[in-house]
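So you can see what is in the structure, the chains are spelled out below.
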Amino acid sequence: MHLPDLLRLRLADALSELTKFGLTGDVGAYASMIRATNDPKFGDYQVNCAMPLAKQWGTTNAEFSNPRKVAAAIVDALQVGDLCEPAEVAGPGFINLRLKDSYLVDQLRAMLGDPRCLVSKANPARRILVDFSSPNVAKPMHVGHIRSTVIGDALARTLRFLGHETITDNHLGDWGTQFGIIIYGYKHFGDPDLVAKNPVPELSKLYRLVNQLIEYRKAKRSIETAQTDRCAAESEVERLQAESIATSDPKEQKKAKKRLASAQSKLKSLDSKLRSATKKIAAVENDADLRVKAQQHADVDHAVLQETVKLHQGDEQNLRLWEEFLPHCKDEINRIYDALDIGFDHTLGESFYHSMLSEVVEDLKKRGLARDSEGAVCVFLEGFDAPMIIQKKDGAFLYATTDLATLAYRLEEFAPDEILYVVDTRQSEHFEKLFAVAEQIGRDKVKLVHVNFGTVLGEDGRPMKTRSGTLIGLEGLLSDAIDRARQVVCDPERLSRIDPPMDREEQRRVAEAVGLGAIKYADLSHHRTSDYRFSLDKMVSLDGNTSAYIQYSYARTQGILRKAGSSETAVTEIAESIDRFHHPAERALAISLLRLEEALKAVHQDYAPNALVDYLYETAKAYAVFNDNCHVLKADNDAIASLRLALVALCGRVLRLGLDLLGIHVVARM
Ligand code: ARG
């Protein structure tokens, strides 16, 4: 059990003791008020419950209205002598706990002998299905897709290590409109010879072309309404400006300003909509060839939907084309998964569920949950403005229908305790509705979680785009990252200091580990729900919260072990000879190493791998301080050398394990 949990249990015991003096209330909630301190002045952990307790308890027992008195009573009842120095009451009623050095040294010894680094296995284990990556194949993958892939993989690895039974499933979008797009493109613009020779780039080209024509049509249609809306919004802003000047009452003025601000922001968003539509239109109309195509394919969006419907209805030609194209699309994404070293237990794409969809609709109708509405079949849900549409007027099924079928299949086939959907925040409403339906049909035993995430932004703070306006392709990005990493870690100055010299193959491996690590780490280092700015330069830096910094720290641990003529296994055998700390930096590093389990549990708690990233960064920093202050190879005596070597070996192990759980490779030197 990790320390905070252990301390919480002890605190809960102490608080239960105090009930005999009339303490009432939720002991568990108060016992959870323990936090790791960030300043050793206040010990290693701090208990903060005396203040709120005094407020509550003081009303019935005057003696305990003073938080310092409450704190003192807790300290009296608290039995932590085996873990901590005598507890101290500080300030208004904080209880500071300082771990005993002897306890820490014991733990380090135990850690040396435990390949799991003292991380216990979950008991009972949960069966957790992770739905992640799930790109829409047939359209080129971009950097936004990497978020689901990287976050999902890190979660799956961490949960598995924690002892849960983890099932990963890539819910490939292999059946949607994007196939209608390439089928249409192939039929009208495709060159069968070229496609046969070079399928992936040719299909991508066709996708982009048809998509551009569709976007052009949409822009043409939306621009007129947007212009009308803009005129209305502009006069509304003018009216509100006049109104806010006219009132002198401060309350009214405040209200008017608020209305004005909201009208201004509406105007701004209409402006940006207009700008983007104008750009799309110009891109087509300024190109003679595209202009002709746009004229000839004026109903392209409708026609593409028709192709998709035909595919779904089993049209022979479209089905044949789909069967021909799909493997190439899969090859393309598999190349990326290989590069990223990411795999799945299952890849059950949307097409897998196609034959189950009509049954889903029938079942919901039978249960009285779904009904016809203006020709479509809808599920009306309380608390939502719009219903969930599960079948369109023309008979077509939707994304939601597939997700309902997928859920039913997963429950039947895998009987999971939890299903995690690692999907963009923009799909929140879809999942809220899906989960609401699941609850209505009695599938409430399984815990369904939308592990949502924000957008990847360019350095200018806007969603990432290349100059031509299309999103940056993923493969190019990965190789850019590796090149950039090579410039940093294999810079001639650095290389000249590495002995024996690195050959080309080793340089390649280092650049690859750092480059790919950089992309994954940067993504994982932000809380998943926030947007983040993508900057290759910052990502591959050797300083700061980057994967290169952690990988470099790991390589340093291995360098020291090599110089000491030792190894991780050899160090395990000196466990008995380590006795106590000789420098505060040793102790601080030891505490950091012992917090690994805490960090991993936090990842599960909030489905947020950044808890592990933060932990690794803190540990690497503690290691840097240790390195600056504590000689390992020239230690004063054998006992000091043993302890320090043990810390170095354990630090290496923890950093490697942590990076591995994030899907990031290490190298022995860099
Ligand atoms: N293919 C979808 C997209 O790219 C994501 C699918 C996520 N998983 C799911 N079960 N809906 O938007």
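Source: prediction; values computed, not measured.

1. Some remarks on the UniProt feature "short sequence motif: 'HIGH' region" (unreviewed entry) in the chain
- Residues annotated in UniProt with the feature "short sequence motif: 'HIGH' region" (unreviewed entry) correspond here to residues 135–145.
- For residues 135–145, helix accounts for 27% and strand for 0%, while the C-alpha atoms at its two ends are 7 Å apart.

2. Thoughts on the domain arrangement of the chain
- Per the domain assignment, the segments making up the chain are domain 1 (3–98), domain 2 (127–170 + 341–457), domain 3 (178–322) and domain 4 (474–661).
- The C-alpha-based centres of domain 1 and domain 4 are spaced at 36 Å.

3. Quick look at the environment of N170
- You can see N170 is positioned in the loop between β6 (165–169) and α7 (177–189).
- Taking the number of C-beta atoms within 10 Å as the measure of exposure, N170 has 24 and is therefore buried.
- Through-space distance from the C-alpha of N170 to that of F397 is 20 Å; in sequence the pair is 227 residues apart.
- Those residues within four positions of N170 in sequence are excluded, and the remaining contacts are S133, S134, F344 and T347.

4. Some remarks on the packing of helix α23 (residues 584–594) against helix α26 (residues 638–661)
- At their nearest, the axes of α23 and α26 sit 10 Å apart, and the two run at 35° to each other. Crossing geometry of α23 relative to α26 is assigned as left-handed. Here E586, L589, A590 and L593 of α23 lie close against α26, whose contacting residues are L643, R644, L647, L650, C651 and V654.

5. As for the sheet that holds strand β5 (residues 127–131)
- Strand order in the open sheet made by the four strands is β6-β5-β10-β11, with parallel pairing throughout. In the strand order of this sheet, the two ends are held by β6 and β11 (447–453), each with one partner. Each strand of the sheet is rotated relative to its neighbour by a mean of 20°, with strand direction disregarded.
- Bridge analysis of β5 against β6 gives five bridges, and the strand direction is parallel. The residue bridging R127 from the neighbouring strand is E165, located in β6.
- On top of the sheet, helix α16 (residues 428–440) reaches β10 (418–424) and β11; it is set at about 180° to β11, its chief contact.

6. Here we look at unusual backbone geometry
- In this chain, N123 is followed by P124 through a cis amide linkage whose omega measures 5°.
- At the junction of D499 and P500, the peptide bond is cis and its omega measures out at -5° in the coordinates.
- Here P500 shows up in the loop between α18 (492–496) and α19 (504–525).
- Despite not being glycine, S134 shows a phi value in the positive range, around 40°.
- Take S134: it is sitting in the loop between β5 and α6 (143–161).

7. Here's the deal with helix α17 (residues 474–489)
- With 16 residues, α17 should cover 22 Å at 1.5 Å per step; its first-to-last C-alpha distance of 22 Å lies within 8% of that length.
- Within α17 the residues assigned to the buried category are L474, L478, A481, I482, A485 and V489. Projection of α17 onto a plane perpendicular to its axis shows the buried side chains occupying an angular sector of 95°, all on one side. Facing away from the buried side of α17, by more than 90 degrees, are the exposed residues G476 and Q487.
- Buried residues along α17 sit in contact with α6, α13 (316–340), α18, α19, α20 (536–539) and α21 (547–563).

8. Re the nonpolar core
- Counting residues in each nonpolar core, the largest one holds 158 residues, and the members touching the most others are I182, V210, A518, L589, L612, A646 and L650.
- The element contributing the most residues to this core is α26, with 14 residues.
- When near neighbours in sequence (up to four residues on either side) are disregarded, L612 contacts T158, A599, L600, V603, G658, L661 and L662.
- V360, V379, F435 and V437 belong to the second-largest nonpolar core, a separate cluster that totals 17 residues.

9. So, the site of the ligand
- Surveying the vicinity of the ligand reveals the residues D131, S134, P135, N136, H171, G173, D403, T406, Y421 and V423.
- If you list the elements that add at least two residues to the shell around the ligand, you get α15 (399–414) and β10.
- For the shell around the ligand, a count of residues per class yields three nonpolar, five polar and two charged.

10. Observations regarding the sheet that holds strand β8 (residues 376–379)
- The strand order β7-β8-β9 describes an open sheet built from three strands, whose pairing is antiparallel. Looking at strand neighbours, the two that pair on one side only are β7 (370–373) and β9 (388–391), the edges of this open sheet. With strand direction ignored, the average angle separating the axes of adjacent strands in the sheet is 40°.
- Where β7 lies against β8, four bridges are found, and the strand directions are antiparallel. Bridge pairing in β8 places A370 opposite V379.

11. With respect to the environment of D114
- Relative to the assigned elements, D114 resides in the loop between α5 (101–112) and β5.
- Once the C-alpha coordinates of D114 and A522 are considered, the two residues, 408 residues apart in sequence, prove to be 30 Å apart.

12. Examining the UniProt feature "coiled-coil region" (unreviewed entry) in the chain
- In the UniProt entry, the feature "coiled-coil region" (unreviewed entry) is given for residues 253–287.
- For residues 253–287, the end-to-end C-alpha separation is 51 Å, with 94% helix and 0% strand making up the annotated structure.

13. A short note on the confidence of the model for the chain
- Overall, the predicted model of the chain reaches an average pLDDT of 92, with 99% of residues at or above 70.
- For this predicted complex, the interface score ipTM comes out at 0.99, alongside a pTM of 0.90.

14. Some points on the packing of helix α9 (residues 199–246) against helix α10 (residues 250–285)
- Their axes nearest at 7 Å, the elements α9 and α10 cross at an angle of 155°. Viewed along their axes, α9 and α10 adopt a mutual orientation that is roughly antiparallel. Here α9 and α10 pass one another in a crossing that is left-handed.
- Taken together, the residues of the contact of α9 with α10 sort by class into 16 nonpolar, seven polar and twelve charged.

15. A short note on the pairing of β8
- Here β8 shows a buried face lined by V377 and V379 and an unburied face lined by A376 and C378.
- Linking two consecutive strands that pair antiparallel, namely β7 and β8, is a turn of two residues; a positive phi of about 50° is found at E374 within it.
- Here β8 runs beside β9; their pairing, made up of three bridges, is antiparallel. Residue pairing in the sheet places V377 in a bridge with Q391 of β9.

Reading the values: rules and limits
- Residues numbered from 1 in each chain as written.
- Predicted model: local features only at pLDDT ≥ 70, side-chain atom pairs only at ≥ 80, totals over all residues.
- UniProt positions renumbered as here; feature names shortened; annotations may be inferred.
- Helix = DSSP H or I, 4+ residues; strand = E, 2+ residues; numbered from the N terminus.
- Domains from an automatic or database assignment.
- Buried ≥ 20, exposed ≤ 12 C-beta atoms within 10 Å, placed from the backbone.
- Contact = placed C-beta atoms within 7 Å.
- Axes fitted to C-alpha atoms, helices over the stretch in contact; angles between N-to-C directions.
- Left-handed = near helix turned anticlockwise from the far one by under 90°.
- Pairing = 2+ DSSP bridges.
- Expected span 1.5 Å × (residues − 1).
- Arc of directions from axis to C-beta.
- Core = buried A, V, L, I, M, F, W, Y, C linked by C-beta atoms within 7 Å.
- Near = placed C-beta within 6 Å.
- Nonpolar A, V, L, I, M, F, W, Y, C, P; charged D, E, K, R; others polar.
- pLDDT = per-residue confidence, 0-100.
- Parallel < 35°, antiparallel > 145°, perpendicular 65-115°, else oblique.

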